[in-house]
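Summary of the model geometry
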Amino acid sequence: GLAISHGQRPEDGGYQYVVVPAIDLVDFQAYTAEQLTVLRNTGTVQAVWHKGLHMLQCIFWNPGGLRISDGLVLWVDQPCLLMLQYSSQSIRVTVANFRDRACPVKVQLNRPLDGEDVVWDAKTGVSTITFRLPTGEYTGQSVTKHCDLR
């Protein structure tokens, strides 16, 4: 098994690690984490931005917001796992529920978006994407929405 030693009686310590799946030893030794930026690593949000892929991967332990890149800001109204990838033409958002309770998750982005379950509010400059996540035996299964930038 894999184990990370945190030392004896650690207090307010911190660490970071990267999981790189489907890579052989030669590619792993050449792998560089320079493309990665830890945006936040707190008890409420853990978020990493990959510059090369224009991808955010994060967990919101509570409702909250996060400034990502190029002025892009997102907010969530429920705890969730979230992955976001964007280009100059579109944004793809994937959300999963890590708690077994039925509730929609609303993700808001400060960009004008079009897509299924997306509402753009020109007054506030915010698009709201509603995710209806599975529960019961399908709890934890992710839902992806593809949105076009207006």
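Structure first, text after, so check above.
Remember, it's a predicted structure, so these values are computed and weren't measured experimentally.

**Description of the pairing of strand β12 (residues 143-149)**
Relative to β12, strand β7 (residues 90-96) runs antiparallel, the two being bridged by 6 bridges. Bridge pairing in β12 links Ser90 to Asp148. Sheet topology places strand β9 (residues 113-114) next to β12; 2 bridges connect them, and they run antiparallel. Across the sheet, residue Leu113 finds its bridge partner in β12, namely Leu149.

**Notes on the side chain of Asn97**
Inspection of the secondary structure puts Asn97 in the loop between β7 and β8 (105-109). The buried category is assigned to Asn97, whose relative accessible area is 5%. Within the local environment of Asn97, its side chain forms a polar contact with the backbone nitrogen of Arg99, the two atoms lying 2.7 Å apart. Once residues lying within four places of it in the same chain are set aside, the contact partners of Asn97 are Leu133, Thr139 and Gly140.

**Some details on the packing of aromatic side chains**
Where two aromatic rings form a pair, the distance of their centres and the angle of their planes describe that pair. Taken as a whole and judged by the stated rule, the model has 2 aromatic pairs. A centroid spacing of 5.9 Å and a plane angle of 35° characterise the contact between Trp49 and Tyr86, whose relative ring orientation is tilted. You can see Trp49 sitting in strand β2 (residues 45-50) and its partner Tyr86 sitting in strand β6 (residues 80-86), a full 37 residues away along the chain. Both residues of the pair, Trp49 and Tyr86, belong to the buried class. Measuring from ring centre to ring centre gives 5.3 Å for Trp61 and Phe98, while their planes differ by 65°; the resulting arrangement is edge-to-face. In this pair, Trp61 sits in the loop between β3 (55-60) and β4 (64-67) while Phe98 sits in the loop between β7 and β8, placing the two residues 37 residues apart along the sequence. Judged by its relative accessible area of 32%, Trp61 is partly exposed. Residue classification places Phe98 among the partly exposed positions, given a relative accessible area of 29%.

**Looking at empty space enclosed by the protein**
A full pass over the atoms with the stated rule returns 1 cavity of 30 Å³ or more. Taken together, Gln78, Pro79, Cys80, Asn97, Phe98, Arg99, Arg101 and Cys103 form the lining of the largest cavity. Broken down by class, the residue content of the lining of the largest cavity amounts to 4 nonpolar, 2 polar and 2 charged.

**Side note on the sheet that holds β3**
The 7 strands are arranged β1-β2-β3-β6-β7-β12-β9 in an open sheet whose pairing can be described as antiparallel. On the outer flanks of this sheet lie β1 (36-41) and β9, each paired with one strand and no other. Here β3 runs beside β6; their pairing, made up of 6 bridges, is antiparallel. When the bridges of β6 are listed, Leu56 appears paired with Leu84.

Rules of the game
- Numbering of residues begins from 1 in every chain and follows the order in which that chain's sequence is written.
- Since the coordinates come from a predicted model, pLDDT governs what is reported: local features require at least 70, and pairs of side-chain atoms require 80 or more to be given and counted, while whole-chain, interface and lining totals use all residues.
- Only hydrogens and water are removed before side-chain values are computed, so all heavy atoms of the structure are retained for them.
- One requirement defines pairing of two strands: DSSP has to find at least two bridges between them.
- Secondary structure follows DSSP: runs of H or I at least 4 residues long count as helices, runs of E at least 2 residues long count as strands, and numbering of each begins at the N terminus.
- Relative accessibility decides the category of a residue: with a 1.4 Å probe and only protein chains considered, values under 20% of the type maximum give buried, values over 50% give exposed, and everything between is partly exposed.
- We call two N or O atoms a polar contact when they sit within 3.5 Å, provided that within protein one can donate a hydrogen and the other can accept it, with sequence-adjacent residues counted only if both atoms are side-chain atoms.
- Any two residues whose heavy atoms approach within 4.5 Å at even a single point are treated as in contact.
- Two rings belonging to Phe, Tyr or Trp (six-membered ring only in the last case) form a pair when the distance between their centres is within 6.5 Å. Interplanar angles under 30 degrees mark stacking, angles over 60 mark edge-to-face geometry, and anything in between is tilted.
- Cavities and pockets were defined on a 1 Å grid built over protein atoms only: a cavity is a set of grid points that admits a 1.4 Å probe from which the probe cannot escape, a pocket is an open set flanked by protein on both sides within 12 Å along at least five of seven lines, and lining residues are those with an atom within 4 Å of any such point.
- Grid points are joined across faces, edges and corners, and a volume is the space filled by probe spheres set on the points.
- In this classification, the charged set is Asp, Glu, Lys and Arg, the nonpolar set is Ala, Val, Leu, Ile, Met, Phe, Trp, Tyr, Cys and Pro, and all remaining amino acids, among them Gly, are polar.

Remember that the coordinates give geometry; whether it matters functionally is a separate question.
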